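Observations on the three-dimensional arrangement
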Amino acid sequence: MNAFNRLLTSAAICLAVGVTSFTAHAETPANMLVIAHRIDDVTTVDPAESFEFAGSDISRNVYGRLVNLDPNDLAAGYQPDLAESWTVSEDGKTITFTMREGVTFHSGNPVTAEDAAFSLQRAVILNKTPAFILTQFGFTPENVTETIKADGNQLMITTDKKYATSFVLNCLTATIGGIVDKQVVMANEVDGDMGNTWLKTNSAGSGPYKLDSWKPNESVTLSSNPDYYGGAPAMERVIVRHVIESASQRLLLERGDIDIARNLNPEDIAGASSADGVVIADELKGRLMYLALNQKHPELSKPEVRQAFKYLIDYEGMRDSFLKGQYTIHQNFLPATYLGASDENPFTYNIEKAKELLAAAGVENLEVEIGVREAQERIEIGQSFQNAAAQAGIKVNITVGTAAQILGRYRARELDVYLGAWGPDYPDPQTNAGTFAYNPDNSDEANATGLLAWRTGWDTGGLTEKVEAAVTEGDRDTRVQMYLDIQEEFREISPFVMMFQQIEQSALRDNVKNWSTGQAVTAAAYWQVTK
Amino acid sequence: MAEHYLRAWLLTDTPTSRRHAKMSALYQGWLSFRSNTMAMIGLIILLLLVLIAAAAPLISPHDPFVQDLGNRLAPLGTPGHIFGTDSLGRDILSRLIYGARITLYIVALVALIAPVVGLLVGTVSGYVGGWVDVVLMRITDIFLAFPRLVLALAFVAALGAGIENAVLAISLTAWPPYARIARAETLTIRSSDYISAIQLQGAGALRIITKHIWPLCISSLIVRVTLDMAGIILAAAGLGFLGLGAQPPSPEWGAMISEGRRFILDHWWVATMPGLAIFTVSLAFNLLGDGLRDVLDPKAGE
Amino acid sequence: MALTDNNTERRPRGPLFPQWIKTTAMTLSSIAVTLLGLLFITFIIGRVMPIDPVLAIVGERASQSTYDAVYLELGLDKPLIVQFLYYIWDVIHLDFGISLLNARPVAEDIARVFPATLELATLGIIIGIVLGVPLGVLAAVRKGSWIDQVARVLALVGYSMPIFWLGLMGLLVFYGILGWVGGPGRVGIFYVDVVPSVTGLILVDAALDGNWDVFKDAFSHIILPASLLGYFSLAYISRMTRSFMLEQLSAEYVTTARVKGMSEWDVVWKHAFKNIRVQLITVIALSYANLLEGSVLTEIIFSWPGIGSYITTALLSADMNAVLGGTVVVGLIFILLNIFSDLLYKVFDPRAK
């Protein structure tokens, strides 16, 4: 009771002295990087399980991988990281990695080929959401001790058939390629879970940072690894703070309470860019906005109707208004900067053309439901589309819901139209080709809910085989041409209305240098940042 | 002359019939209500709101759904768009006017559902007593102890977002207090001599509850409902704000605030105008409720 | 009513049972029944909700085999009633399960988020009492005067204001423009985890640690949302105080006391006010219970990691263990505060006997 009284007294004094005495901090400490970001999508930090954007940011900074992308030169593609070099067998099915010597985990244990083999095997055996990135090479829990093997300083992985080497290595730069400390992880194993429960909230990596704490919906705190083989990072502490509102992030940034605001909307970007000491950094990301037209719907499955919808999007109007600066028009399934990406955008906003197509298909009084996730920009895209469709005589009803609500119906092939966003999983064209244009079995029984083409009920009109061929093609130029051809056909016949590609706009204090959110290919990196 | 006569008839001290007495009481209530300036202001605002809602197509300057991306976020006082335009270039004033319909619709529905359910549960519980009372009151307690937000959110989440479901969700969280009031009133009334007299005459429970207990509970419920209206409007706005109320492009005020809060720093009016609309209407209901309480239920108030 | 933070409408129940022992037994069993009912309804809602908890965990990309594995792991293949009984069994053993979304024990999560709400609600109710009670008393004593009008307007505005809008504006003006207070969140980023967490209440922890920098910073963050909540409780508390006081002041004993020449101060505070204490405490307890439920909208706007936003987030992602755990805690608090005010009536109010 006494302590409480004292507390009351002090509170009262503070109130009396006046809140004016609390002045905001002018800037953050020189060795600390403070970021405002929405991190409510983080559900786990285990690299074998983590799959969402904010979680990938953590993994990228905490876990080393066999091969990795350099934040200062992302265009260079994968580079040696924990593996110093690699060779490919004659049949193209086995890659042998030679591990870098003298690298240690945060625990002090050396990073060995055994750890690398364990990490990849573990990801396959656990079979969590991102496991498909590895299992697409034919790894199964049963064969994994044979197909992924450590031998001394070397690690051999053997795929079920010959793939483009770049495809395999690109996949290993994904979060799931993170190498964990076997000794530490297995010491924390519970009921044969290979340390999954423990790693969900703890880290055992060798990267430039170690995880101090992750408080769900609050903050992520990282501290630097002074023994990082690439040199100790300049920022000794990185704090990512969960701030939902764009306006709040902007206020924090303008007042100098944070160094970087990552979720400002176009209006706040415009406002913040005129504030003192704030600069805006644009990076083209891999995320695409699209409409998916359910092919189980009798009208939507008509080719003319699919075409018509592509003319019912006010591409330029949206890009120049509420999406300003944050999305660019992109009508192909491979994001710009990807191998084989096409920059053809043949469709424009044309109500008359859409009406003609609809009339040709004999469609009248069409009424469809569109499922939209509750993000403001998506709701606005939905309303803009609704408005355009109404002019062409189509009544569109918008249903807004949380991710789990809307997604469930999309996966069950129940929605007429889904307004979706899709981000690539690894920096290889297969990541999108293998889902938008690949669907070997379109029957309900196949239940291939992971494939967008299946969810849309589209048999891909022959693109499936072309995608299969492209992914095993070893010659780079031939492969590029194959993807360009696939995309050209896709634009014309697919039930996907590809609309926009995201540009991430980070607002930074002007003393922050070398910031990278990973562009279209990977997640954000902190170790190269200086102030 | 007729007017004077009517006035005298209404103000008589010696009513000639039951109907006369009732009318007289009503008129005197109205007089005392009319002298309450604040309450009258509330009433006038609400009447205006009803008028606006009814005449929405006639008085709104634009179609509330027509978009104009080239003229978005126009500031206050823009010619043709007095209250500016929103993120999709729609006229905010027109949206507010059409939004009044939604607000009235929600309020009316909740005001119909919640008190009726409460009245039913409360009077039955109070009159029948015994285990029925125990069970019903236990259920009421469970609903009371429920974090209201969880209940409403869960309900909307279960049924899907939309105005009707928002109305049901709000009603679901709003009925228990009415049940409590109705039960308390029933307990007092039940033990009164006049109910015993009716019972002796052989009236059944159903008849007693509907014909004798309900009418007596109504006045305190009306006061309570009017005072709760503001809460209902704010709750509906809160659901809309969380994206669980009316679906786009519907101009529901709470959803409009939610849409506009993104621009709060540079285009403050987009969120402020619907905020003021909500404030004005709930204030009006509060003023009216205060006045009604003074008239109908002087004990309960101040 | 569901989502407004400024709503304090629940009424206490009068005493039902005469004997103390019977009362205690009945009270305990009614707590148990109410809680059980609460859990059951929440459980049912969770299961009929069209939000798929499996999808919430595995996300958009998961293959069907991953999906199926998680489905079995969650025990969703078992009959509903079996699932419920399992859950109750665990709760009896104080195990609230694991949050589906962040893989931590729900109890741990609640221990983290509840103090945030407790701190905010407590400061809010203190502000509400300190300003609301004197205002209500003054308004009653000077009925019809300007102060009564001010009190009335303050209360009416409080009842009528959408809190999320007022919160946004407050943040904009006091933090954005004037810079008088700390921004969103509980404490400035440099002070995160600086003082050891003993109680979870940052103000208390900082005071115990003697770290006044942290205290100052935390206070600058809490003061705005707490004032906001304080204002809404003030509206209710001052109104209720006023009407209780009016009732007392019109009583005969007050007239007698005045006739006897007792000073107005003594009449008001020593007699009238003394007599409304019990009623007032009930009102305050219920206001407090409402604030403790977690003021979702306030918490969202101020990035306040409290129980309200915790339950909401959990609910929208179908993290039912978290929702159930949160519901139990909040429901229990409400029930306990209700019983507490019932007891007060029984102990202090002779009419209730």
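Residues numbered from 1 in each chain as written. Chains lettered and ligands numbered in written order. Predicted model: local features only at pLDDT ≥ 70, side-chain atom pairs only at ≥ 80, totals over all residues. Heavy atoms only, no water.

Now for helix H14 (residues 376-391) of chain A. Residue and element names in this part refer to chain A. For H14, with 16 residues, the first-to-last C-alpha span of 23 Å sits near the 22 Å given by 1.5 Å per residue. Taken across its 16 residues, H14 has 13 buried, putting it largely inside the fold. Positive phi appears at Gly393, one or two residues downstream of H14, with a value of about 85°. (Helix = DSSP H or I, 4+ residues; strand = E, 2+ residues; numbered from the N terminus. Expected span 1.5 Å × (residues − 1). Buried < 20%, exposed > 50% of the residue type's maximum accessible area, 1.4 Å probe, protein only.)

Before going further, it helps to examine the confidence of the model for chain B. In the predicted model, chain B carries a mean pLDDT of 84, and the fraction of residues at 70 or more is 97%. Both confidence scores are given for the complex: pTM 0.83, ipTM 0.78. (pLDDT = per-residue confidence, 0-100.)

The next subject is the pattern of salt bridges. A full pass over the atoms with the stated rule returns 35 salt bridges over all chains. Two residues, Arg250 of chain A and Asp266 of chain B, come together in a salt bridge whose shortest N-O distance is 2.7 Å. Of this pair, Arg250 of chain A sits in helix H9 (residues 246-254) while Asp266 of chain B is found in the loop between helix H11 (253-260) and helix H12 (269-296), placing the two residues in two different chains. A relative accessible area of 29% places Asp266 of chain B in the partly exposed class. Through salt bridges with shared partners, a single ionic network connects Asp57, Arg262, Lys285 and Glu504 of chain A. (Salt bridge = Lys/Arg side-chain N within 4 Å of Asp/Glu carboxyl O.)

Bringing the interface of chain C and chain B into the picture now. By a widely used convention, the size of an interface equals the accessible area lost when the partners come together. At the interface, 57 residues of chain C touch 54 residues of chain B. Between chain C and chain B, the buried area comes to about 5000 Å², and carbon and sulfur atoms account for 71% of it. Counting the contacts that link chain C with chain B gives four residue pairs in polar contact (both at pLDDT 80 or more). Secondary-structure elements contributing two or more residues to the side of chain C that touches chain B are helix H1 (20-48), helix H6 (146-160), helix H7 (163-177), helix H9 (212-249), helix H12 (296-301), helix H13 (307-316) and helix H14 (320-348) of chain C. Among the elements that take part in the side of chain C that touches chain B, H1 of chain C stands out by supplying nine residues, more than any other. Looking at side-chain class alone, the side of chain C that touches chain B contains 33 nonpolar, 16 polar and eight charged residues. (Contact = heavy atoms within 4.5 Å. Buried area = accessible area lost by both parts, 1.4 Å probe. Polar contact = N/O pair within 3.5 Å; in protein donor to acceptor, adjacent residues only side chain to side chain. Nonpolar A, V, L, I, M, F, W, Y, C, P; charged D, E, K, R; others polar.)

On to the packing of H9 of chain C against helix H11 (residues 264-292) of chain C. All names here are of chain C. Here H9 crosses H11 at 145°, and the two axes come no closer than 9 Å. You can see that H9 and H11 cross each other, and the crossing is right-handed. Residue-level contacts link Leu229, Ser233, Tyr236, Ile237, Met240, Thr241, Phe244, Met245, Gln248 and Leu249 of H9 to Val268, Ala272, Phe273, Asn275, Ile276, Gln279, Leu280, Val283, Ile284, Ser287 and Leu291 of H11. (Axes fitted to C-alpha atoms, helices over the stretch in contact; angles between N-to-C directions. Left-handed = near helix turned anticlockwise from the far one by under 90°.)

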